[in-house]
Number of protein chains: 2
Amino acid sequence: MTNIKKVSELAGVSTATVSRTLKSPEQVTEATRDKVMQAVKQAGYRPNWLASSVKSGKSNSIVVLVPNLTNPFFLRIIGGIEQAAQEKGYSVLLGDTQGDSKRENEYAGMVLSNRADGLIQLDHSFPFAPQDAELADNVPMVSVCERIEGERKYPVIELDNYAASRALAHHLVGYGHQKFAAIVGQISSQIYRERLAGIRSVLQEENLPLPDEMLVGGSYTIEAGIEGVRQLLKQPVRPTAIFCFNDDIAIGAIHEIKKYGLRVPQDISVVGFDNIKVSAFIDPPLTTVDQPAYDMGRRAFEVLSVLMRGESLTRIREILPFQLVERQSSGPVHSS
Amino acid sequence: MTNIKKVSELAGVSTATVSRTLKSPEQVTEATRDKVMQAVKQAGYRPNWLASSVKSGKSNSIVVLVPNLTNPFFLRIIGGIEQAAQEKGYSVLLGDTQGDSKRENEYAGMVLSNRADGLIQLDHSFPFAPQDAELADNVPMVSVCERIEGERKYPVIELDNYAASRALAHHLVGYGHQKFAAIVGQISSQIYRERLAGIRSVLQEENLPLPDEMLVGGSYTIEAGIEGVRQLLKQPVRPTAIFCFNDDIAIGAIHEIKKYGLRVPQDISVVGFDNIKVSAFIDPPLTTVDQPAYDMGRRAFEVLSVLMRGESLTRIREILPFQLVERQSSGPVHSS
DNA sequence: AGCTAGACTGTAATCGATTACATTTAAAAT
DNA sequence: ATTTTAAATGTAATCGATTACAGTCTAGCT
């Protein structure tokens, strides 16, 4: 490995001069600068990043905790984070947690051991191990979409899930639907509560029921959508509209509804949440709520960046705008 | 920041003993071990990862270069890499290159500056900057799916794209198709040439044509599939079967074909490549070639891991098995 | 010519951990 | 009780860069 010492010898200067030539060239005469640069080139020298980092105490990396890498929605968020990070000279360590707390602990621990300077959590859990909780108090941490559990409040970039769900509900109520069902995602999260509350609030205002047996599901997957529809269609009353808590669920649901020989939206309207790319191209194209995933990622990094500089935030909660995207998976209710 | 010195003082021992207690406890008496562990706990001490890494010269990280984070197929590969890496104590630095060579250079450079120990390339380009090419000679690098360009041969984990394409072609020929078209992906890659060659070889054996005007596309996106179909349907002769070079293209193609009022597969059969998750749930479910993406990722890391240990490989090319997945997007040709 | 200010450059401390080598301690052997 | 041996611990060098501080040199001034 060529190190700074070799270069300094080659150029006939001290290591300090080499370092200065590379970090702050204006402090060095042009003559020596040339000598050094030539030696650098000749030796094929690259400063050892690890060494600079020990010295500075900063790793210029952040960890991103993802519950599920295969969810395309998260991917767009990560894309935004990555882009923003890259622009500021940070790199992104990917932590696929699979929702497993052991893994979360491990990845979160990276921030405590200087392997990373900050953390972005895409899930709702407090990622540090209980014994690390105290240390974690001063750690720059931000969450996206979900709010992190616990008394300590961390900044969050999110959507007004309540309002977005209300928008979806109004959309369906406007079409005259009265028999609703929902296939929900992970139950223990804030998002679940907010989205459900949003839907419930509209239905209550309209005096429409959402009985417990019409709430099925439990994970944000295509399979949950399929299984959800199976359960719903076993019920004596068939719903005419189904809220799916994300687009993956909706894709599974539509697929399964068709298998039963029913039509979307003529027999059952289906709406999703997230607006992943493929949602516009399935049959029928999905009515859903567009989340500005990429921007959410960017913003998350920017906020984290402020925390990492040791500054404090004026706002701890940032709410990005959603958009109701009306496509053909929802429509007026048909009397059977 | 609590460092090893503070802990050593707290425990009344030397820093060496603290280090040994944590790294090789068997070298330390139980009594001192207890003292040290208590001090560690009390101080909330975590070894500074950066410092250990400078010493060892290993960062225990790898960079993964992805041309396009939004492609779900890549995601599964990354998932496999991540899993395998995590098991061996490595972490994954994500490099979203967008196919931009400047970004590739930058990310690849991380390996030269000890920020990462190895590199996995999911694209086909040689990621290092020209001036770094010589240095890059000894860098542990592996590619997945695509082969890296240049004289120097790096290990690659791939599919027999030629054989897989032949399987798809045989499948369609077996249904009696005679008028073929293809919507291809990125043209400059090995994969493009192999897949096309595979298709061509079968068609030639059967004396069937694949005229140049029936080759459209140029990128692995849904949009390319849509645009491709538009171009193909402008031609005087309408194809009865379309090879799409990946599933995203196929999804776009099917969507657009339906827009023209044509049916899949009755009017046009469509086949894809990759078998991404959603392909099984679109309408009609897509006939495609399943690539063991997750395993490919795992395997890529394992191979890289061998290189990073400085050992040499017996085989430089590893070919994983594919599987033809016959679903409902392909079927017998209907005489019009 | 002599002196001073300011620009360059070099020396050596530093970051935080690891580890070769030296030293101390305790146990075992005589 | 003394010597031998092994185990435990400490001291200090080391990894590779950065940087405070000190030293040198040149240019400009009187």
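On a predicted model such as this, the values are computed, not experimentally measured, just so you know. (Residues numbered from 1 in each chain as written. Chains lettered and ligands numbered in written order. Predicted model: local features only at pLDDT ≥ 70, side-chain atom pairs only at ≥ 80, totals over all residues. Heavy atoms only, no water.)

**Student:** What is the right way to look at the environment of A167 of chain B in this model?
**Tutor:** Residue and element names in this part refer to chain B. Within the secondary structure, A167 is located in helix α7 (residues 161-174). Distance in space between the C-alpha atoms of A167 and D100 is 33 Å, their sequence separation being 67 residues. Each residue touching A167, except ones within four places of it in the same chain, is listed here: F322 and L324. (Helix = DSSP H or I, 4+ residues; strand = E, 2+ residues; numbered from the N terminus. Contact = heavy atoms within 4.5 Å.)

**Student:** Explanation requested: the protein's contact with DNA strand C in the structure shown.
**Tutor:** Around DNA strand C, the structure places 24 residues, and the nearest of them are T17, T29 and T32 of chain A together with I4 and K23 of chain B. Backbone atoms, meaning sugar plus phosphate, form 62% of the atoms of DNA strand C positioned within 4 Å of the protein. I4 of chain B is positioned with one of its backbone polar atoms (N or O) 2.3 Å from a phosphate oxygen of DNA strand C. A distance of 3.1 Å separates a base oxygen of DNA strand C from a polar side-chain atom of K55 of chain B. The greatest single-element share of the surface near DNA strand C, amounting to five residues, is contributed by helix α2 (residues 15-23) of chain B. Grouping the constituent residues of the surface near DNA strand C by class yields eight nonpolar, ten polar and six charged. (Near = heavy atom within 4 Å. Polar contact = N/O pair within 3.5 Å; in protein donor to acceptor, adjacent residues only side chain to side chain. Nonpolar A, V, L, I, M, F, W, Y, C, P; charged D, E, K, R; others polar.)

**Student:** Before we go on, may I ask you to explain the sheet that holds strand β9 (residues 269-271) of chain A in this structure?
**Tutor:** Two strands in a sheet stick together by hydrogen bonds in their backbones, pointing the same way (parallel) or opposite ways (antiparallel). All names here are of chain A. With parallel pairing, four strands are arranged side by side in an open sheet as β7-β6-β8-β9. In this open sheet, the two edge strands, each paired with only one partner strand, are β7 (215-217) and β9. Put simply, the sheet's adjacent strands are angled 20 degrees from each other on average, direction ignored. Inspection of the sheet shows strand β8 (residues 241-244) paired to β9 by three bridges, in the parallel sense. In the sheet register, F243 faces β9, and the bridge partner there is V271. (Pairing = 2+ DSSP bridges. Axes fitted to C-alpha atoms, helices over the stretch in contact; angles between N-to-C directions.)

**Student:** Please clarify how the pairing of strand β11 (residues 317-320) of chain A should be interpreted in this entry.
**Tutor:** Residues and elements named next belong to chain A. Only one face of β11 is buried: it carries E318 and L320, and the other face, with R317 and I319, is open. In this sheet, β11 lies alongside strand β5 (residues 156-159) in parallel orientation, the contact comprising four bridges. Residue E158 lies in a different strand from β11, and its bridge partner there is I319. (Buried < 20%, exposed > 50% of the residue type's maximum accessible area, 1.4 Å probe, protein only.)

**Student:** What is the right way to look at the environment of M1 of chain B in this model?
**Tutor:** The residue M1 of chain B is located in the segment before α1 (4-11) in this model. On the basis of relative accessible area, M1 of chain B is assigned to the exposed category, the value being 72%. For the pair M1 of chain B and Y192 of chain B, spaced 191 residues apart in sequence, the C-alpha to C-alpha distance is 53 Å. For M1 of chain B, the residues in contact, after removing those within four places along its chain, are N114 of chain A together with K6 of chain B.

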